[in-house]
Amino acid sequence: MQTYLLSQQFNARSLAENSTACPANATICSGTSCVLPEDNFNETLSIILSTVLTIMLALVMFSMGCNVELRKFWDHIKRPWGIFVGFLCQFGIMPLTAFLLSLVFNVLPVQAVVVLIMGCCPGGTASNVMAYWVDGDMDLSISMTTCSTLLAMGMMPLCLFVYTKMWTDSNSIVLPYDSIGISLVALIIPVSFGIYVNHRWPSKAKIILKIGSIVGAILIVLIAVVGGILYKGSWIISPKLWIIGTIFPAAGYSLGFLLARVAGLSWHRCRTVSLETGMQNTQLCSTIVQLSFTPEQLELMFTFPLIYSIFQLLFALLILGGYRVYRRHRVKTKTDVEKTEEKEDSKSTSSHAKINGGFASNETK
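Residues numbered from 1 in each chain as written. Predicted model: local features only at pLDDT ≥ 70, side-chain atom pairs only at ≥ 80, totals over all residues. Heavy atoms only, no water.

Caption draft 1: Spatial organisation of unusual backbone geometry. Here the phi dihedral of Asn 106 falls at roughly 50 degrees; this positive angle occurs in a residue that is not glycine. The backbone phi angle of Asp 135 is positive, close to 55 degrees, even though this residue is not glycine. Within the secondary structure, Asp 135 sits in the loop between α6 (126–133) and α7 (138–163). (Helix = DSSP H or I, 4+ residues; strand = E, 2+ residues; numbered from the N terminus.)

Caption draft 2: The arrangement of the pattern of salt bridges in detail. All told, the structure shown has five salt bridges when counted by the stated rule. Between Arg 79 and Asp 75 there is a salt bridge, with its nearest N and O atoms 3.9 Å apart. (Salt bridge = Lys/Arg side-chain N within 4 Å of Asp/Glu carboxyl O.)

Caption draft 3: Local environment of helix α8 (residues 177–200). Look at α8: 35 Å from first C-alpha to last across 24 residues, which is about the 34 Å you get at 1.5 Å a residue. Those residues of α8 not exposed but buried are Ile 180, Leu 184, Leu 187, Pro 190, Val 191, Gly 194, Ile 195, Val 197 and Asn 198. (Expected span 1.5 Å × (residues − 1). Buried < 20%, exposed > 50% of the residue type's maximum accessible area, 1.4 Å probe, protein only.)

Caption draft 4: The packing of aromatic side chains, seen in detail. Per the counting criterion, the structure on display carries seven aromatic pairs. Note on Tyr 132 and Trp 133: the rings are 5.7 Å apart at their centroids and 80 degrees apart in plane angle, and the pair reads as edge-to-face. It is Arg 261 that lies over the ring of Trp 267; its NZ or CZ is 3.8 Å from the centre. (Phe/Tyr/Trp six-rings, centres within 6.5 Å; stacked < 30°, edge-to-face > 60°. Lys NZ or Arg CZ within 6 Å of the ring centre and 35° of its normal.)

Structure representation (structure tokens):
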């Protein structure tokens, strides 16, 4: 009975203290009672998930390194034509596309800036996993990701200085060089171990690669889902940013592939450059945005990096599905053509041998 009376007194006192009208930002309202609790759940969950995902990502990059041959990787560094094409796509095409999309859709200045930040970010590690699944050049993919992350320390400030002049002062944008450095270390160290394993134990490296590629594909989807859950309260955003978030990655994939083809790269390298161009480091973009803008400004554009990451994943899956269908059809067609060519070659060889006194080359025997 005494406990019940104390409970009633506590409830009455709480009701009296909260009898004023609920503020607009109240999170729990019941009648005239309003509660604004300090909810640290998302923050705690974000830290835990970030730690787990970072460890998983390092393991995935270790497995991707198991598909890299040191000699080929070094060839890309010594003759960096593919890396240079990727550089033009990453810090030429993407910032320019972001600038043009912001102008065409006439978004708010703060929204234009976040689009430009996304366009100036280096390539993400998810591109390495996708490059594996579309039979891309893994040596080129990892060298491009490494170089773009390293060069981002100088190219991001330069690109933002050039393109954000008409909307804001580039000095107001805080670039987290420590985050870029951590991303670089988290990429280089596991990949280096993977290259070493591939060099010493090639058979074991293939097993690690198969497991890592599957885990990597699951991890990419998981990151997108987790991001949607953590930031479910920020989905109210301008329709223009939804449209830009849809068009932007598609433009990156398409223009990256086109420029690589114009530059004379082989088809599997074109696919690699395409993925490296369209798949941006969205986590880095989110970090920059949180460091650079006020809570009021964040409401206008905080979800854009997540929107971009979702659509870059969807388009990457479409590219993967299209390539798998193409490869299946091509393999069947190529098998039939090879059989026909073998018959024609055997006929032409025998007739050629008769003309040349019975001589036939060793290659046809």
